Amino acid sequence: MQHRSYVNLCTKPWEELVVFPNGEYTICCGGPPVGKIRDPSEIKDLWNNPTVLQYRENLNNSFEFGICTGCVFHGTLRNTEVRQHKRQSLPVRQERIPVISFGLTDQCNLHCFMCGIARKYEGVNRKRHADRLPLDYCREFAVHHFPKADIVNSNCFGELFLYPQLRDFLRLLKEHRPKGHDAITTTTTAGSLRVPEKLWRAVMEAHNQVLFSIDSIDRTIHKIIRGFDFAVADKNLRTVQQLAATAYPDFKYGCSVVLMQLTVATLYDTLRISHEEYGCNVFHFQHISDTPGQSLAASRQWRVLGNEKLLQCQEYMRRHGIATNGHIGFYRDAAGNLES
């Protein structure tokens, strides 16, 4: 099968646990839930529960799950350099969770592409009754898993600043943050709520990295999102810039961009503006493959343009020492060749 080479390379169920605001969880970054937390007591052993162990064992045997066919990493996206690759079996049980990604809430004050594409950006709150991860769940994760992690992504769904118990969560994260020298605690915001400096200080004391969503702050496209005020995002970025320059010298901040037709054309300029005007020193790229109306995966023309812009960005980041999320995943054809 076309995806077989990636199945033989995949290590996601050993690397990352993703927890949704309603308590559901998955063991690959783009996959559907494989279970749901029913009680805080389950969290201590969640990483090695029977469902997760079965997934790892099946993958060790090169079994391809249905979710693999829509994986953002397989086939035309990345990791296809090795076509003939015999899978190396990994231990089914694992002591710690290297990457913990979870959403505190799925509520957002915007109605933009990733969450509201079907409704054409109507309204300001995409959910009237939001799912929110109980603080008890956050506490159990913090106590049992945060200190041993390499990365804690404390927000990967809605808007961080709409979580009603944010200050309590920030105290938990600050107290139990990962202990490793190179460990990362990061969060993402649309940057579109008025956040007081005192709260920004609390966020920066609990994390060592903040990402602003390009979907919301890019100057060329922000007017498409109904109700968005660019001046708010500008003020938030300026506040973080000033605090990083004075009170938190080791703090990294920057932008996260989802590669879609609407964002890729302005990708390089967004990177340049973010760095030159706001001092951003980290830039994250995210692929998607399940939103055909906007995804680059649906059109070769846009994938090729995406590669061109990614190469420009890669060179710019190298020249200015801007960090990224490890590996820029260029778009490739079914044989693993870079599309050009």
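Placed above this text is the structure.
Residues numbered from 1 in each chain as written. Predicted model: local features only at pLDDT ≥ 70, side-chain atom pairs only at ≥ 80, totals over all residues. Heavy atoms only, no water.

**Q** Tell me about the pattern of salt bridges, and please be specific about residues and values.
**A** One pass over the structure, following the stated rule, counts 12 salt bridges. We note a salt bridge from Asp136 to Arg139, for which the minimum N-O separation is 3.0 Å. Within this pair, Asp136 and its partner Arg139 are both found in helix H4 (residues 135-144), separated by three residues, close to a single helical turn. A relative accessible area of 44% places Asp136 in the partly exposed class. Given a relative accessible area of 34%, Arg139 falls into the partly exposed group. (Salt bridge = Lys/Arg side-chain N within 4 Å of Asp/Glu carboxyl O. Helix = DSSP H or I, 4+ residues; strand = E, 2+ residues; numbered from the N terminus. Buried < 20%, exposed > 50% of the residue type's maximum accessible area, 1.4 Å probe, protein only.)

**Q** Describe in detail the packing of H4 against helix H5 (residues 166-176), supporting the description with residues and values.
**A** Where H4 contacts H5, the axes come no closer than 9 Å and their chain directions differ by 10 degrees. Between H4 and H5, the angle falls in the class roughly parallel. Taken together, the residues of H5 that come into contact with H4 (itself represented by Leu135, Cys138, Arg139, Ala142 and Val143) are Asp168, Phe169, Leu172 and His176. Per-class residue counts for the contact of H4 with H5 are six nonpolar, one polar and two charged. (Axes fitted to C-alpha atoms, helices over the stretch in contact; angles between N-to-C directions. Parallel < 35°, antiparallel > 145°, perpendicular 65-115°, else oblique. Contact = heavy atoms within 4.5 Å. Nonpolar A, V, L, I, M, F, W, Y, C, P; charged D, E, K, R; others polar.)

**Q** Break down helix H10 (residues 267-278) for me, citing the residues and quoting the values.
**A** With 12 residues, H10 should cover 16 Å at 1.5 Å per step; its first-to-last C-alpha distance of 16 Å lies within 8% of that length. All of the buried residues along H10 are Leu267, Thr270, Leu271, Ile273, Ser274 and Tyr278. Mapping the buried residues of H10 onto a view down its axis gives an arc of 165 degrees, with all of them on the same face. Backbone geometry just downstream of H10 places Gly279 in the positive-phi region, at approximately 70 degrees. (Expected span 1.5 Å × (residues − 1). Arc of directions from axis to C-beta.)

**Q** Summarise the environment of Gln286; cite the residues concerned and give the values.
**A** Locating Gln286 in the fold gives a position in strand S9 (residues 282-286). For Gln286, a relative accessible area of 37% corresponds to the partly exposed category. The spatial distance from the C-alpha of Gln286 to the C-alpha of Val258 is 4.7 Å, given a sequence separation of 28 residues. Contact partners of Gln286, with chain neighbours within four places excluded, come to Ser256, Val257, Val258 and Leu259.

**Q** Run through the pairing of strand S8 (residues 252-258), naming residues and quoting values.
**A** Burial within S8 is extensive, with six of its seven residues counted as buried. Bridging between strand S7 (residues 209-213) and S8 involves five bridges; their strand directions are parallel. Bridge pairing in S8 places Ser213 opposite Ser256. As judged from the five bridges shared by S8 and S9, these two strands associate in the parallel manner. (Pairing = 2+ DSSP bridges.)

**Q** Outline the nonpolar core, listing residues and values.
**A** Among the nonpolar cores identified, the biggest contains 68 residues, and Phe102, Phe169, Phe283 and Phe285 are the most heavily contacted of them. Apart from residues lying up to four places away in sequence, Phe283 is in contact with Ile214, Cys255, Val257, Leu267, Thr270, Leu271, Ser274, Met317, Ile322, Ala323, Thr324 and Asn325. (Core = buried A, V, L, I, M, F, W, Y, C linked by side-chain atoms within 4.5 Å.)

**Q** Break down the packing of aromatic side chains for me, with residues and values.
**A** Scanning the model with the defined rule gives eight aromatic pairs in all. On the numbers, 5.2 Å between centres and 70 degrees between planes, the contact of Phe283 with Phe285 is edge-to-face. Through a chain of ring-to-ring contacts, the aromatic side chains of Phe102, Phe141, Phe146 and Phe169 assemble into a single cluster. Between Arg56 and the ring centre of Trp47, over which it is positioned, the NZ or CZ distance is 4.4 Å. (Phe/Tyr/Trp six-rings, centres within 6.5 Å; stacked < 30°, edge-to-face > 60°. Lys NZ or Arg CZ within 6 Å of the ring centre and 35° of its normal.)

In short, shape yes, function no, at least from these values alone.
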